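Chain and residue survey
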Amino acid sequence: MQLTKYLQAQGIGSRKQCRQLIEQGRIEINGETAEQPDAEIEPAQVQRLAIDSEEIAAIPLPHYYILLHKPAGYETSHKPRDYPSVFSLLPDHIRATGPQAVGRLDADTTGVLLITNDGAFNHRQTSPKHHVAKLYRATLKHPADEALCAALRQGVLLHDDNETVAAAAAELENPHSLLLTLTQGKYHQVKRMVAAAGNRVEALHRLRFGDWECEDLLPGQWRFIQPEN
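Within each chain, residue numbers correspond to sequence positions counted from 1 in written order. Whole-chain, interface and lining totals are the exception, using all residues; otherwise, since this is a predicted model, local features are given only for residues with pLDDT of at least 70 and side-chain atom pairs are given and counted only at 80 or more. Heavy atoms from the whole structure form the basis of all side-chain values; hydrogens and water molecules are not counted.

- Within an unreviewed UniProt entry, the label attached to the protein chain reads Pseudouridine synthase, and the organism entered is Eikenella halliae.
- UniProt positions are given in the numbering used here, feature names are shortened, and annotations may be inferred rather than shown by experiment. Of the protein chain, the UniProt comment under Function (unreviewed entry) reads exactly: "Responsible for synthesis of pseudouridine from uracil-516 in 16S ribosomal RNA."
- Database annotation for the protein chain, UniProt heading Catalytic activity (unreviewed entry): "uridine(516) in 16S rRNA = pseudouridine(516) in 16S rRNA".

See the structure below:
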């Protein structure tokens with residue numbers, strides 16, 4: 001892959017801008033100053049990419065997958081209305097490549113959020129027919145017992161909906177903490193399901209999306225991941 005084209009794919013700038021950065025000696029690849037804009041490069045062999053000696057995260061090509069620990073107070077949108085965009089937590093050059101969230105989390109919801117530029121992957125993870133499991137911890141306003149879990153597993157009728165929706169799993173950690181596993185992706189689903197079962201969600205955290213957990217990521221931190229398929 002031509003170096004100038006590689007840098008453009010990294011979201012660093014236009015082809016012309018990237019060429020100028022190389023000609024000015026401002027690009028380093030694996031600790032070496034790049035000198036030839038038309039030089040061929042193998043993207044997988046780039047271990048370190050720097051501009052003006054400042055290292056930036058080299059984006060895997062052609063597709064990348066990001067695991068983000070979403071904090072509260074961010075909207076899952078490129079055009080937020082009331083809070084900052086969750087994409088503002090990513091570096092400028094990644095935002096320039098047009099990343100898309102895999103599903104959404106409400107502004108006040110925290111936890112696992114996947115971000116990618118791979119449309120096929122996004123569809124596989126969010127399509128109802130693939131039944132990708134999402135695990136949530138819901139903090140409840142009122143103390144609950146097994147009856148709430150049983151109702152959620154059996155299925156509840158959401159307001160303004162014509163079909164019942166059931167949780168794949170539901171159990172209480174304590175009377176005010178509910179673990180809920182869903183394989184659908186309806187709007188405000190956890191909050192609406194709990195409300196339909198007679199309680200209220202005070203706080204919501206997504207612990208797992210498919211195979212991914214936040215692990216040691218602090219709120220606002222992210223890392224690249226590599227799906228198995």
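Text resumes after the structure shown.
Describing the pairing of strand 13 (residues 201-209)
- Two elements, strand 7 (residues 110-116) and strand 13, share 2 bridges in a ladder whose sense is parallel. Within strand 13, the residue paired with Gly-111 across the bridge is Arg-206.
- We call two strands paired when DSSP finds no fewer than two bridges between them. Secondary structure is summarised from DSSP: a helix means a run of H or I of at least four residues, a strand means a run of E of at least two, and numbering begins at the N terminus for each. Taken together, the 7 bridges between strand 8 (residues 134-140) and strand 13 define a ladder with antiparallel strand orientation. The partner of Leu-140 across the bridge, within strand 13, is Val-201.

With respect to the nonpolar core
- Among the buried residues, those of types Ala, Val, Leu, Ile, Met, Phe, Trp, Tyr and Cys that are joined through side-chain atoms within 4.5 Å form a nonpolar core. In this scheme, a residue with accessible area under 20% of its type's maximum is buried, one over 50% is exposed, and one in between is partly exposed, where area comes from a 1.4 Å probe on protein chains only. By size, the foremost hydrophobic cluster in this structure holds 32 residues, and its most contacted members are Leu-152, Leu-178, Leu-180, Val-190 and Met-193.
- Residue assignment for this core shows that the elements contributing at least two residues are strand 5 (65-70), strand 7, strand 8, helix 5 (146-154), strand 12 (177-182), helix 6 (189-196) and strand 13.
- Residue ranges labeled as domains rest on an automatic or database domain assignment. Shared between two domains, this core takes at least three residues from each, and those domains are domain 2 (65-128 + 212-225) and domain 3 (134-209).
- Once you skip the residues sitting within four places of it in the chain, Leu-180 turns out to touch Lys-134, Leu-135, Tyr-136, Leu-152, Ala-167, Ala-169, Ala-170 and Val-190.
- Ranked by size, the runner-up nonpolar core spans 15 residues in total, among them Tyr-6, Ile-41, Leu-49 and Ile-56. Should any heavy atoms of two residues lie within 4.5 Å, those residues are considered in contact.

Quick notes on the sheet that holds strand 2 (residues 32-33)
- With antiparallel pairing, the 4 strands of this open sheet are ordered in space as 2-1-3-4. Whereas interior strands pair on both sides, the edge strands pair on one side only; in this sheet they are strand 2 and strand 4 (54-56).
- The pairing of strand 1 (residues 27-29) with strand 2 spans 2 bridges and is classified as antiparallel. Among the inter-strand pairings, Ile-29 is bridged to a residue of strand 2, identified as Glu-32.

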